[in-house]
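# Structural overview
This is what each chain is made of:
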Amino acid sequence: MTSRKVNVLVYNGTGTTVESVKHAIYSLRRLLSPNYAVIPVTDTVLLKEPWAPSCALLVFPGGADLGYCRVLNGEGNSIVSQYVRRGGRYFGFCAGAYYGCKRCEFEVGNRPMEVIGPRELGFFPGTCRGGAFKGFQYNSERGARAVRINVKKDAFKGAGVVPEVITSYFNGGGVFVDANDPYHDVEILASYHDKLDVDGGEENAAVVYCRVGQGAAILTGPHPEFAPANLSPHHDIDGYNELIASLQAGDSDRVSFLKACLTKLGLEVSQESSGVPSLSRLHLSSIISSNVDDLLYSWEEIISKENGEEYIRAEHDTFHLEKPETRWSMSELKDTLPPDESTGELTTPSSSTEQALIDYTTIIKRITLHESAWPEAKATPYFNHHAFYSSLREYRQMDTDAEEWGDYLMYGEVLTSTNTILEKNFKLLSKLPTGFTVTATTQVSGRGRGTNVWVSPAGSLIMSTVINHPGHLAVSRPPVFIQYLAAVAIVQAIKTYDKGYNELPVKLKWPNDVYARDPNNPSTYVKIGGILSNCVYSSGSYQVVLGIGINTTNGRPTTSLDALLPPHLAPFRIEKLTARILTRLETLYKAFVRSGFTRELEHAYYDEWLHGRQVVTLEAEGGVKARIVGITTDWGMLKAEELGRDEKPTGKMWALQSDENSFDFFRGLVKRKI
């Protein structure tokens, strides 16, 4: 089996600057969503995780490449080099470009800043010399400038329309010396227009394309990933406002050039730049509408009244509570402008290249309270509350233990993250009942394991549910098993969605990912969903926030549930599937609370997983072979029996902890994280 390359990994470890990482992620997400997931990764991930099989592009942004050398020289660079030479793609901006060359020469003769020496990757088989223009200062914009770049249009045949000249942000980047050497397998993509302050050879190459084994690398001295909308004015720096204005005037050409570079690297670029949507209102409702009033009563001590309005000022976010009939009060209009949709929702993504990065913590989240009726379709056009609650009632007739989960629902068409809304606002979380669920159509700061953050596209089922797990049950019913219950609930919900759905090829990957057989390549399974479980202890309970994301109707970046359906079955409805997951999850959780992780629950997990009797390698144990036999019933660790040279059991068993190990199903490896 092979995994599809859907990840664009942006290095954000030692040596990088926050601004360079932000700019890279911002621009790449706008140009590559929803075809790829753009994810920041640390040096630890590059060294310890099996990231290469699913990586479409590895990006090294700006910073100081000596930091990159310090943590990646040797083993790390060997992994990166092997990835590229075997068909991978590398994009290096500024410091990432110096790092990708055979030799780096920076500020030669300027003793406090001078950096001279060989580099291990050597994608460009020559010298990157800089700064191409004088004035660079670390952690400063004083040396920044807008530079003109002459584009070699012939190098972009088949990559779309490219401009002849672009204006790009520059701050300390280099020039690729003698890039036109006929013995180098290098193409010059662009050259500096202006006279340089260092010797750059004949061509003054600013951007180069390097063929590396079966793969390729693009290295750039300037920063075409820097969007002027994300540059802040510096009134203390002469000419900086003019720099921003110059970049703004030529921004569409910059975007076209960056698209062409990505296309040349073999990536599928979105035809239109994906804007980041504005946050919408949150709609709080209940299966019995009048029960919203009861919930608000339980929130009394966390609600503050200010100028006749009600707020919850929690640790991470501020929430403004409003009634449907008062949402257009004149006192609030100034805060909600400029929405121009008839519904008042702030939902239209901007396609402008001028849209900047947003600090969502500064934006007040508005919760509309629906105490007398469910939200009307025009208020939530992408989520039908009638369909959700009617499906919930229907499925409860099938699962009689399902009685409460989903009774309270808070939906937002566009929100930051369903998990963050709950987990990071403990003042609110502490007042929520088990089964309280937050769902969204799009989330702009979606969270995965570790520090992964991304924009979740429309068509994904996105939900987070609160589970107040009694503290006295922690030993006999450890909270770690809740993620396993959730994984089983998702697969069972899909297969019992309606008649005829039971044969859909959906499976579990340890510990809690959901995979489906790729309809375009039936020999391969691809990830279509995952679970993120966060837990805090308070007032005698473990408060679990269980986040679930499933590609339901969106076919990118991998595949979706709808793509698995035979022609005679109706497409999935997110409202109905959400209801089904909640009823299955509540039923399984109550069985767990009653009797623990029983043999019946254990086998329900095994019935759906990919790993039955799979032989893997324990890399941290010297390459020992082991056969997966299950999970331990005490703490949910992966259980494997060691195999001898004849592949017969030696009698030794291994228990591998799910949050300290990564499992690469496709390569048969278990890696112990450090």
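Everything quoted here is computed from the prediction, not taken from an experiment.

The rules behind these values
Residues numbered from 1 in each chain as written. Predicted model: local features only at pLDDT ≥ 70, side-chain atom pairs only at ≥ 80, totals over all residues. Heavy atoms only, no water. Helix = DSSP H or I, 4+ residues; strand = E, 2+ residues; numbered from the N terminus. Buried < 20%, exposed > 50% of the residue type's maximum accessible area, 1.4 Å probe, protein only. Contact = heavy atoms within 4.5 Å. Polar contact = N/O pair within 3.5 Å; in protein donor to acceptor, adjacent residues only side chain to side chain. Core = buried A, V, L, I, M, F, W, Y, C linked by side-chain atoms within 4.5 Å. pLDDT = per-residue confidence, 0-100. Salt bridge = Lys/Arg side-chain N within 4 Å of Asp/Glu carboxyl O.

Let's shift gears to unusual backbone geometry. Following G130, the chain continues into G131 via a peptide bond in cis, with omega recorded as -10°. Mapped onto the fold, G131 is located in the loop between strand 7 (124–130) and strand 8 (145–151). At S539, a residue that is not glycine, the phi angle is positive and equals roughly 50°. If you trace the backbone, S539 turns up in the loop between strand 25 (521–538) and strand 26 (541–551). The class for S539 is exposed, based on a relative accessible area of 77%.

Within the fold, D197 resides in the loop between strand 11 (186–192) and strand 12 (205–212). Through-space distance from the C-alpha of D197 to that of F133 is 5.1 Å; in sequence the pair is 64 residues apart. If sequence neighbours within four positions are ignored, D197 has contacts with A132, F133 and K134. Within the structure, the side chain of D197 is placed 2.8 Å from the backbone nitrogen of K134, a separation counted as a polar contact.

One finds L561, F572, L577, I581, Y605, W609 and I631 to be the most contacted residues of the largest nonpolar core, which totals 68 residues. Here the element with the most residues in this core is helix 13 (residues 482–495); it accounts for 11 residues. Beyond its immediate stretch of four places on either side in the chain, Y605 contacts Y484, A487, V488, L508, W510, P511 and I631. Residues L28, Y36, V151 and L265 belong to the second largest nonpolar core, which totals 45 residues.

Right, let's talk about the confidence of the model for the protein chain for a bit. On average, residues of the protein chain score 86 in pLDDT, and 88% of them reach the 70 mark or higher. Taken element by element, the predicted model of the protein chain shows its lowest mean pLDDT in helix 9 (residues 330–336) (40) and its highest in strand 13 (residues 215–220) (98). This model gives residues 446–455 a pLDDT under 50, and the stretch forms 36 contacts once residues within four places in sequence are excluded. Below pLDDT 50 for its whole length, residues 658–662 participates in 21 contacts with residues either more than four positions away or in separate chains.

A separate point is the pattern of salt bridges. Tallying each qualifying case throughout the model produces 26 salt bridges. A salt bridge links K365 to D317; the shortest N-O distance between them is 2.7 Å. Of the two residues, K365 sits in strand 18 (residues 365–369) while D317 sits in the loop between strand 16 (309–313) and strand 17 (318–322), which places them 48 residues apart along the sequence. The burial state of K365 is the same as that of D317; both residues are buried. Within this structure, D185, E187, R211 and K264 form a network of salt bridges that share partners.

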